[in-house]
Amino acid sequence: YDGIPLTVDGWEIIEGDLAENQDIIVTITGAQTDVTNGVENTATVMIVDQNNANVTNNYKITFEHGTLRVTRRAITIQTNGGEKVYDGTPLTADGISVIGGALVGVDSIDSYTLEGSQTRVGRSENIITDIVIRNQYGDDVTACYAIETVAGTLKVTAP
């Protein structure tokens, strides 16, 4: 996933030939931007004679469409941690950072939820429980990322 539509313009005649003085015009129309299990790379074909007359109906055309497959972009997100001396109030830390990989230039983290709090002396993890990444059009593209998380540590020490 890079936010740019995947297209492949290549094609070939696998079997058969065109009649003399005839040309084939192939238009590839398949494109895939987001992560999927794969979509067909579709095409249209027109065969013309030397006078540019459409003679496509004179041919039996069978397509073997290729597959366009976009895979998830790997990123690692770390939550902030913190430390303080025990005072009876909970220690929390807001904030996250992308520490591995990168978001596509037009994508941004729209929202996230952290679940971490430490009141007593000790330590615990500050965990991401939800995150939403949006593209420049406001579409949710979170599923286009393989997100690994690293929890920050919340530490309360004795006075």
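Up top you'll find the structure we're talking about.
If you're wondering where the values come from, they're calculated on a predicted model, not measured in any experiment.

Here we take up the overall build of the protein. When helices and strands are tallied, the protein shows zero helices and 11 strands. Each helix and strand of the protein, ordered N terminal to C terminal, gives the series β-β-β-β-β-β-β-β-β-β-β. Computed over the C-alpha atoms, the radius of gyration of the protein is 27 Å, more than 25% above the 15 Å expected from 2.2 N^0.38 for a compact globule of 159 residues. With the principal axes as the frame, the protein shows a C-alpha extent of 90 × 25 × 20 Å. Across the 159 residues in the protein, those meeting the buried criterion constitute 25%. Roughly 10,200 Å² of accessible area belongs to the protein as shown, and the carbon and sulfur atoms make up 44% of that amount. Positive and negative side-chain charges of the protein, numbering 9 and 22 respectively, have mean locations separated by a distance of 18 Å.

Here we have three strands laid out as an open sheet, ordered S7-S5-S10, and mixed in their pairing. Every interior strand has two partners, whereas the edge strands, strand S7 (96-100) and strand S10 (145-150), have only one. Geometrically, the sheet is characterised by an average inter-axis angle of 35 degrees between neighbouring strands, direction not taken into account. Relative to S10, strand S5 (residues 73-79) runs parallel, the two sharing six bridges. From the neighbouring strand, Ile-77 faces S10, where its bridge partner is Thr-149.

As a further point, take the sheet that holds strand S9 (residues 122-134). The four strands lie next to each other as S6-S11-S9-S8, forming an open sheet whose pairing is mixed. With one partner strand each, in any of the chains shown, strand S6 (82-85) and strand S8 (108-115) form the two edges of the open sheet. With strand direction ignored, the average angle separating the axes of adjacent strands in the sheet is 25 degrees.

On the secondary structure map, Gly-116 appears in the loop between S8 and S9. In this structure, the C-alpha to C-alpha distance between Gly-116 and Ala-53, residues 63 residues apart in sequence, is 71 Å.

Here we come to the side chain of Asp-49. Counting through the fold element by element, Asp-49 comes out in the loop between strand S3 (43-48) and strand S4 (66-68). For the buried Asp-49, no salt bridge exists, and the shortest N-O distance to an oppositely charged side chain is 23 Å, to Lys-60. Of note is the side chain of Asp-49, whose polar atom sits 3.0 Å from the backbone nitrogen of Ala-53. With residues near it in sequence (within four places) discarded, Asp-49 still touches Asn-21, Gln-22 and Val-55.

Moving on, we come to the environment of Cys-144. Following the sequence through the fold, Cys-144 ends up in the loop between S9 and S10. A residue is classified by how much of its surface remains accessible, and Cys-144, at 4% relative accessible area, is buried. Taking C-alpha positions, Cys-144 is 39 Å from Arg-120, a pair spaced 24 residues apart along the chain.

So, how was this worked out
Residues numbered from 1 in each chain as written. Predicted model: local features only at pLDDT ≥ 70, side-chain atom pairs only at ≥ 80, totals over all residues. Heavy atoms only, no water. Helix = DSSP H or I, 4+ residues; strand = E, 2+ residues; numbered from the N terminus. Rg over C-alpha atoms; globule rule 2.2 N^0.38 Å. Buried < 20%, exposed > 50% of the residue type's maximum accessible area, 1.4 Å probe, protein only. Areas by Shrake-Rupley, 256 points an atom, 1.4 Å probe, with all protein chains shown as cover. Lys, Arg positive; Asp, Glu negative; His and termini not counted. Charge placed at Lys NZ, Arg CZ, Asp CG, Glu CD. Pairing = 2+ DSSP bridges. Axes fitted to C-alpha atoms, helices over the stretch in contact; angles between N-to-C directions. Salt bridge = Lys/Arg side-chain N within 4 Å of Asp/Glu carboxyl O. Polar contact = N/O pair within 3.5 Å; in protein donor to acceptor, adjacent residues only side chain to side chain. Contact = heavy atoms within 4.5 Å.

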